[in-house]
Amino acid sequence: MKKITFIGAGQMAEAIISGVLNKGLFKPEAIYATNKGNPNQLAYLTTTYGINTSEKMADVVEESDVIVLAVKPKDKTEAITSITPYIKERAIVISVMAGVETATIETLLKKPVEVIRVMPNTSAKVGLSATGLSRGTFADDEAVRIATTIFEAIGSVVEVQEQDLHAVTAVSGSGPAYFYYMVEAMLEEGVALGLSEETTKDLVTQTIKGAAKMLDTSDLSPAVLRKNITSPNGTTERAILTFDQCEMKTAIKKGVRGAHRRSVELSQEDE
Ligand SMILES: NC(=O)C1=CN([C@@H]2O[C@H](COP(=O)(O)OP(=O)(O)OC[C@H]3O[C@@H](n4cnc5c(N)ncnc54)[C@H](OP(=O)(O)O)[C@@H]3O)[C@@H](O)[C@H]2O)C=CC1
Ligand SMILES: O=C(O)[C@@H]1CCC=N1
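The residue numbering used here restarts from 1 in each chain and proceeds along that chain's sequence as written. Working convention: letters from A go to chains and numbers from 1 go to ligands, in the order in which they are written. In keeping with the model being predicted, local features are shown solely for residues with a pLDDT of at least 70 and side-chain atom pairs are shown and tallied solely at 80 or more, while totals for entire chains, interfaces and linings include all residues.

With that settled, the discussion passes to the UniProt feature "binding site: NADP(+)" (unreviewed entry) in the protein chain. Under the feature "binding site: NADP(+)" (unreviewed entry), the UniProt entry names I7, G8, A9, G10, Q11, M12, A70, V71, K72 and P73. In summary, the annotated positions, though distributed over 67 residues, converge in three dimensions, the widest C-alpha pair being only 14.1 Å. Its place among the elements puts A9 in the loop between strand 1 (4-7) and helix 1 (11-22). Not counting chain neighbours up to four residues away, the residues in contact with A9 comprise A33, T34, N35, Q41, L42 and L45. Classification of G10 by C-beta neighbours within 10 Å gives partly exposed; the count is 16. UniProt positions are given in the numbering used here, feature names are shortened, and annotations may be inferred rather than shown by experiment. For the purposes of this entry, the term helix denotes a DSSP run of H or I that reaches at least four residues, the term strand denotes a run of E that reaches at least two, and both are numbered from the N terminus. In this description, any two residues whose backbone-derived C-beta atoms lie within 7 Å of each other are considered to be in contact. Once C-beta atoms are placed from the backbone, each residue is buried if 20 or more other C-beta atoms lie within 10 Å of its own, exposed if 12 or fewer, and partly exposed for counts between those two.

Here's what the structure looks like:
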């Protein structure tokens, strides 16, 4: 792979660019990016990562082996239509757009291009994305292998049936935001209880890291790991009882369901 191009230069593109550079999968000279009309952001990416940027589609797309679509779903038609004239034969198009089906992308491309759809998350920036991947009609095993290599440089990859990408989006695509939401609440309360914001953040961050490592390495289920912390009539029991009274588990399930529903809606929206 000699040239990889990002159509869209926002949060997700930056997270992937930063991740693949950290892993040494691409040299900065091999990476190209463009956006709709924000030259400052392109200049920032060039300065920060040393990659090539241009406002001209032809500059970034021509001769590119891999084209990553990292625009919002609402911008898909304009973005895809504008790359079509410049795509070379055998280029692979990888879409990170939530809810946009490979069939929709194939139709907009108007030629039999190998399309791979992925759902990463922003932890790509630190090499810890959890990415779901599925293949379009024309994508062969080699295209899947190339996309898997790119996204394994920024975390883990699992191939799923395309209809299951809605669930992947609801669980791990949006997932980091759910944990940040919980951290916001814990930070506010730690500070209200007299700790400094910095100390609370350090404590909470280390606690999440530890819990993640326990989940990753222990044979015990999350429920058992939780029960192991919960002494009878102790502090954790009081917290969990309060969460139950607030129906927190139901709220979380409803949130995940809502994200899933929204992903399905996005796949049905024209623009
Ligand atoms: N953020 C996340 O956690 C995740 C996001 N995604 C998906 O990634 C995609 C991008 O999200 P995110 O990075 O957060 O969005 P951002 O808003 O940060 O970035 C969107 C980018 O698309 C550019 N753009 C819009 N229209 C065009 C166009 N016609 N041609 C070229 N570039 C265009 C914008 O340019 P300009 O600034 O000039 O308007 C901007 O650079 C979305 O589809 C989202 O569903 C997937 C997984 C996780
Ligand atoms: O909120 C969104 O639409 C995107 C998709 C997954 C995470 N963020």
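On we go from here.
Attention shifts here to the UniProt feature "domain: Pyrroline-5-carboxylate reductase dimerisation" (unreviewed entry) in the protein chain. When the UniProt feature table is mapped onto this chain, "domain: Pyrroline-5-carboxylate reductase dimerisation" (unreviewed entry) is found at residues 162-266. As annotated, residues 162-266 has a helix share of 82% and a strand share of 0%, and its two end C-alpha atoms lie 14 Å apart.

Any residue qualifies as near a molecule or strand once its backbone-derived C-beta atom lies within 6 Å of it. Residues in close proximity to ligand 1 total 29 residues, the closest being G8, G10, M12, N35 and A98. Note that Gly is not counted as nonpolar here; it falls among the polar residues with everything else outside the nonpolar set of Ala, Val, Leu, Ile, Met, Phe, Trp, Tyr, Cys and Pro and the charged set of Asp, Glu, Lys and Arg. Taken together, the residues that form the shell around ligand 1 break down as 13 nonpolar, 12 polar and 4 charged.

Surrounding ligand 2, one finds A98, T169, G173 and S174. Residues that form the shell around ligand 2 fall into these classes: 1 nonpolar, 3 polar and no charged.

Below, the discussion takes up the domain arrangement of the protein chain. A common way to express how large an interface is: the accessible area buried when the components associate. Domain extents, as shown, originate in an automatic or database domain assignment. Segmenting the protein chain into domains produces domain 1 (4-166) and domain 2 (175-266). Computed from C-alpha coordinates alone, the two centres of domain 1 and domain 2 are separated by 32 Å. Facing the 8 residues of domain 1 at the interface are 6 residues of domain 2.

Side chains I92 and I94 project from strand 5 (residues 92-95) onto one buried face, and the interleaved V93 and S95 project onto a second face that is buried too. Note that strand 4 (residues 66-69) and strand 5 share 4 bridges and pair parallel. Among the inter-strand pairings, L69 is bridged to a residue of strand 5, identified as S95. In this fold, the crossover linking strand 4 to strand 5 by way of helix 4 (residues 76-83) has right-handed handedness. Here 4 bridges tie strand 5 to strand 6 (residues 114-119), and the two strands are oriented parallel to one another. Looking across to strand 6, one finds that I94 is bridged to I116. Looking down the strands as they point away from the viewer, one classifies a crossover as right-handed if the path from the first strand across the helix to the second runs clockwise. Where the polypeptide runs from strand 5 across helix 5 (residues 102-109) and back to strand 6, its parallel neighbour, the crossover connection is right-handed. When DSSP locates at least two bridges between a pair of strands, those strands are taken to pair.

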